[in-house]
Amino acid sequence: MLHVLSTQSLLFAAGLRPTPAQATAVSWVLKDGMQHAGKLICSGMGARMDSEPKSWRILADVLYDFGTALEVLSPLCPQLFLEVAGLGNFVKGMAVVAARATRLPIYSSFAKEGNLSDLFAKGEAISTLFNVMGIGVGIGLASTVCSTTQGKLIAGPLLSAVHIYGVVQEMRATPVDTLNPQRTAMIVADFVKRGKVSSPAELRYQEDLLFPNRLIEEAGNVKIGQPLRRVLSPQCVEQLKATFSNEKFLLSRKGNNTYMVLEQSATGEDALRGWLVAAFASEMERSGAGSGDTVLNEAYKRMESVFPVFVSEVKGRGWYTDQFLDGNRSRISYTESK
C-alpha cells in the first residue's frame with residue numbers, strides 16, 4: 001500500500017499527474033538505481049544479522065518505511081526531487097538486504113524436521129499474498145483519500161505504525177534457539193537466580209529487541225567482542241591463559257563488568273562456560289568474597305562443578321550449542337598469541 005502511494009508522490013514531485021495504475025507500473029522501475037548502493041553497504045553486516053536477526057528484521061522495516069516516507073514527502077520539495085528520491089531508494093535498498101538476510105535464521109528456528117525449504121516456500125507465499133493485497137488496497141487509497149499529498153501525510157504514518165507494530169509483535173513471538181550474547185546472558189542469569197534453564201519459547205518475550213547489547217548484572221555484565229588489545233595487557237593475557245589453560249575464552253573483571261574474548265573455534269558451550277564463570281564471579285563480588293580477577297579462580301571451580309548438569313539441561317530445553325553468534329570477528333587465536 002505504502003509503496004503505491006510513495007510512487008505516486010514521486011511522480012507528482014517530478015511534475016507528472018499519473019493515475020494509480022500508472023504509479024503501480026512505474027514502481028517497478030523506480031525501485032532500482034540508488035537501491036543497489038544501499039544493498040552493497042548493508043551486505044557487509046551479515047554477521048551482525050545472524051547474531052540478532054529479530055532486531056535487524058525490525059530495523060529493516062523501519063528503514064523501509066523511512067525511505068517510503070521520504071518519497072511521500074517529495075512533492076513538498078520538488079527542487080530536491082533527485083536527492084530525496086535517491087536517499088529514499090538508498091535506504092530502501094539497505095532495508096531489502098536486511099529483511100532478506102534475516103529470513104533464513106528466523107525460519108530455521110521453526111524447522112524442527114529438516115523442512116526449511118518448505119517453511120521458506122510457505123513464508124514466501126504468504127508474503128506475496130499480502131503484498132498483492134496491499135497493492136490493491138494502496139491503489140484504492142491512492143484513488144480516494146490519498147489522492148492528495150495531505151491525504152498521504154495522514155494515512156502514511158498510520159499505515160506505517162500498524163506495519164511496524166505487527167512486525168514487532170511477530171518478532172517477539174518468534175523463538176530463536178541459537179546462542180548469541182543476549183540469549184546466553186539470559187540463560188545464565190535464570191540459572192543463577194532460579195536454578196533452572198528457560199527454553200527459547202520462554203525467553204522470547206524477555207528479549208530486548210531495541211537494545212540487544214544491554215548488560216545483565218546477574219550474568220556478570222559481560223562485554224564480548226572487544227579487541228584483545230583494548231581490554232587486556234600482554235602480561236594479563238599470559239596470566240589469564242594460565243588460569244583458563246584448557247578453555248577457549250579469556251575473562252577479566254574490571255569494575256562491575258566482565259570482559260570476555262573468545263578463541264576462533266569457540267562454540268556455544270564455550271561461551272556458556274565463560275558466562276557462567278563471569279556470573280559466579282559477579283555474585284561473589286556482590287557478597288563481599290573478593291573483587292576483580294581474584295575471584296575468577298573460585299568462580300571457575302564452581303563452574304566446573306555445575307556445568308555438566310547445566311549444559312545437559314540447556315540442550316534438553318532445545319538450545320543449539322554447537323555455535324555461538326557474537327556478531328563480530330573479534331576473536332583470538334592461541335597459536336598466534338604465543
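Computed from a prediction, not measured in an experiment: that's the story for all the values here.

Digging into unusual backbone geometry
Even without being glycine, Asn 221 reaches a positive phi, approximately 50°. Inspection of the secondary structure assignment puts Asn 221 in the loop between helix H10 (200–203) and strand E2 (222–224). Judged by relative accessible area, which is 11%, Asn 221 ranks as buried.

Quick look at the packing of aromatic side chains
Tallied over the entire structure, the rule returns five aromatic pairs. Aromatic pair Phe 244 and Tyr 300: ring centres 5.5 Å apart, planes at 70°, arrangement edge-to-face. Taken as a pair, Phe 244 in the loop between helix H12 (234–243) and strand E3 (249–254) and Tyr 300 in helix H14 (residues 296–316) lie far apart in primary sequence, 56 residues in all. An identical accessibility class is assigned to Phe 244 and Tyr 300; each is buried. An aromatic cluster is defined as three or more aromatic residues linked by ring pairs; in this entry it consists of Phe 191, Phe 307 and Phe 310. One cation-aromatic arrangement involves Arg 273 over Phe 307; the distance from NZ or CZ to the ring centre is 4.9 Å.

Brief notes about the pairing of E3
Along E3, five of the six residues are buried, which leaves the element largely enclosed by surrounding structure. Bridge analysis of E3 against strand E4 (residues 257–262) gives six bridges, and the strand direction is antiparallel. Bridged to Leu 251 within E4 is Met 260.

Re a nonpolar patch on the surface
Together, Ile 126, Leu 129, Phe 130 and Met 133 make up a nonpolar patch on the protein surface, roughly 420 Å² of accessible area in all. With respect to the secondary-structure elements, Leu 129 resides in helix H7 (residues 116–143).

A few points about the confidence of the model for the protein
Summing up the model confidence of the protein, the mean pLDDT is 82 and the portion of residues at 70 or higher is 87%. The spread of mean pLDDT over the elements of the protein runs between helix H15 (residues 334–337), the lowest at 49, and helix H9 (residues 181–194), the highest at 93.

Description of H7
Relative to the 40 Å expected for 28 residues at 1.5 Å per residue, H7 spans 40 Å between its end C-alpha atoms, a close match to the ideal helical length. Those residues of H7 that fall on the buried side of the exposure criterion are Gly 123, Gly 134, Gly 138 and Ala 142.

Details of the pairing of E4
Counting buried residues in E4 gives six out of six residues, a clear majority hidden from the surface. A two-sided burial pattern is seen for E4, the buried positions comprising Asn 257, Tyr 259 and Val 261 on one face and Thr 258, Met 260 and Leu 262 on the other. In this sheet, E4 lies alongside E2 in parallel orientation, the contact comprising three bridges. Residue pairing for E4: Val 222 is matched across the bridge by Thr 258. Between E3 and E4, which pair antiparallel in sequence order, lie two residues; one of them, Gly 255, sits at a positive phi of approximately 65°.

A word on the sheet that holds E3
Read across the sheet, three strands follow the order E2-E4-E3 without closing on themselves; strand pairing throughout is mixed. The open sheet is flanked by E2 and E3, the only strands paired with a single partner. On average, each strand axis in the sheet is inclined to that of its neighbour by 25°, with strand direction left out of account. Strands E2, E3 and E4 of the sheet are contacted by helix H13 (residues 268–286), whose axis makes an angle of about 20° with E3.

Focus: the packing of H9 against H14
Look at H9 against H14: their axes get within 12 Å of each other, and the N-to-C directions meet at 120°. With respect to each other, H9 and H14 are oriented oblique. The two elements H9 and H14 cross, and the hand of that crossing is right-handed. In contact with Ile 187, Val 188 and Phe 191 of H9, H14 contributes Val 306, Phe 310 and Val 314.

Conventions and cut-offs
Residues numbered from 1 in each chain as written. Predicted model: local features only at pLDDT ≥ 70, side-chain atom pairs only at ≥ 80, totals over all residues. Heavy atoms only, no water. Helix = DSSP H or I, 4+ residues; strand = E, 2+ residues; numbered from the N terminus. Buried < 20%, exposed > 50% of the residue type's maximum accessible area, 1.4 Å probe, protein only. Phe/Tyr/Trp six-rings, centres within 6.5 Å; stacked < 30°, edge-to-face > 60°. Lys NZ or Arg CZ within 6 Å of the ring centre and 35° of its normal. Pairing = 2+ DSSP bridges. Patch = residues over 30% accessible without salt bridge, like charges linked within 9 Å, V, L, I, M, F, W, Y side chains within 5 Å. Areas by Shrake-Rupley, 256 points an atom, 1.4 Å probe, with all protein chains shown as cover. Salt bridge = Lys/Arg side-chain N within 4 Å of Asp/Glu carboxyl O. pLDDT = per-residue confidence, 0-100. Expected span 1.5 Å × (residues − 1). Axes fitted to C-alpha atoms, helices over the stretch in contact; angles between N-to-C directions. Contact = heavy atoms within 4.5 Å. Parallel < 35°, antiparallel > 145°, perpendicular 65-115°, else oblique. Left-handed = near helix turned anticlockwise from the far one by under 90°.

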